[in-house]
Amino acid sequence: MVRVIKKKTTRFNRHFSDRYDRVGASWRRPKGIDSVVRRKWRGQIRMANIGYGNAKATRNVHPDGLKHFNVHNEKDLELLLMRHTTHAAVIGAKVGKRNRIAIINRAKELDIKIVNEKAKVRTEEN
């Protein structure tokens, strides 16, 4: 298992998204001719660029050391047969309880880890 080290864990926020509500936080590259962020002046926010990319070995790897793969039915689990040491299954949010239990049972047979195994399956006891 590879230790996951991220270069940058904070998000790149859009310039002036902290000042104005109408400007969303998702990153947009500044394109104005006088923009101090585009001109990379000292003391301004950093612009996203290719140098902030993570190492190929740890890209898309979660803190549990596995890459996550979305599963919506039992047949999708068979795609993970040869990759169960590097990938973990994540059951989709729209999957119902009956189908979810069937996926969990099949994953135990195939020795595949499910990240959200207990979601929507718990029983409430009074």
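In this report, we go over the structure that sits alongside the text.

1. Brief notes about the nonpolar core
- The biggest cluster of nonpolar side chains holds twelve residues, and these are Val71, Leu77, Leu80, Ala89, Ile91, Val95, Ile103, Ile104, Ala107, Leu110, Ile112 and Ile114.
- Looking at this core, the elements that each hand over two or more residues are strand S2 (87-91) and helix H2 (97-110).
- The dominant element in this core, judged by the number of residues it contributes, is H2, at four residues.
- Once residues lying within four places of it in the same chain are set aside, the contact partners of Ile114 are Ala89, Ile91, Ile103, Ile104 and Ala107.

2. Regarding a positive patch on the surface
- On the surface, a cluster of positive charge is contributed by Arg14, Arg28, Arg29, Lys31 and Lys40.
- If you trace the backbone, Arg14 turns up in the segment before strand S1 (67-71).
- The partly exposed category is assigned to Arg14, whose relative accessible area is 31%.

3. Considering the pairing of S2
- Of all five residues making up S2, five are buried, and the element is well covered by its neighbours.
- A two-sided burial pattern is seen for S2, the buried positions comprising His87, Ala89 and Ile91 on one face and Ala88 and Val90 on the other.
- Bridge analysis of S1 against S2 gives five bridges, and the strand direction is parallel. Of the residues in S2, the one forming a bridge with Asn70 is Val90.

4. What to know about the pattern of salt bridges
- By the definition in use, this model includes four salt bridges.
- Lys113 serves as the salt-bridge partner of Asp64, at 3.6 Å between the closest nitrogen and oxygen. Of this pair, Asp64 sits in the segment before S1 while Lys113 sits in the segment after H2, and the two are 49 residues apart along the sequence.
- The exposure class of Asp64 is partly exposed, given its relative accessible area of 27%.
- Note that Glu78 and Arg106 form a salt bridge whose closest N and O atoms lie 3.9 Å from each other. One end of the pair, Glu78, is in the loop between helix H1 (74-77) and S2; the other, Arg106, is in helix H2, with 28 residues separating them in the sequence.
- Residue classification places Glu78 among the partly exposed residues on the basis of a relative accessible area of 42%.
- Shared partners join several salt bridges into a network, and the residues in it are Glu78, Arg106 and Glu109.

Reading the values: the criteria
- Residues numbered from 1 in each chain as written.
- Predicted model: local features only at pLDDT ≥ 70, side-chain atom pairs only at ≥ 80, totals over all residues.
- Heavy atoms only, no water.
- Core = buried A, V, L, I, M, F, W, Y, C linked by side-chain atoms within 4.5 Å.
- Buried < 20%, exposed > 50% of the residue type's maximum accessible area, 1.4 Å probe, protein only.
- Helix = DSSP H or I, 4+ residues; strand = E, 2+ residues; numbered from the N terminus.
- Contact = heavy atoms within 4.5 Å.
- Patch = residues over 30% accessible without salt bridge, like charges linked within 9 Å, V, L, I, M, F, W, Y side chains within 5 Å.
- Areas by Shrake-Rupley, 256 points an atom, 1.4 Å probe, with all protein chains shown as cover.
- Salt bridge = Lys/Arg side-chain N within 4 Å of Asp/Glu carboxyl O.
- Lys, Arg positive; Asp, Glu negative; His and termini not counted.
- Charge placed at Lys NZ, Arg CZ, Asp CG, Glu CD.
- Pairing = 2+ DSSP bridges.

Function cannot be inferred from these measures alone, as they are strictly geometric.
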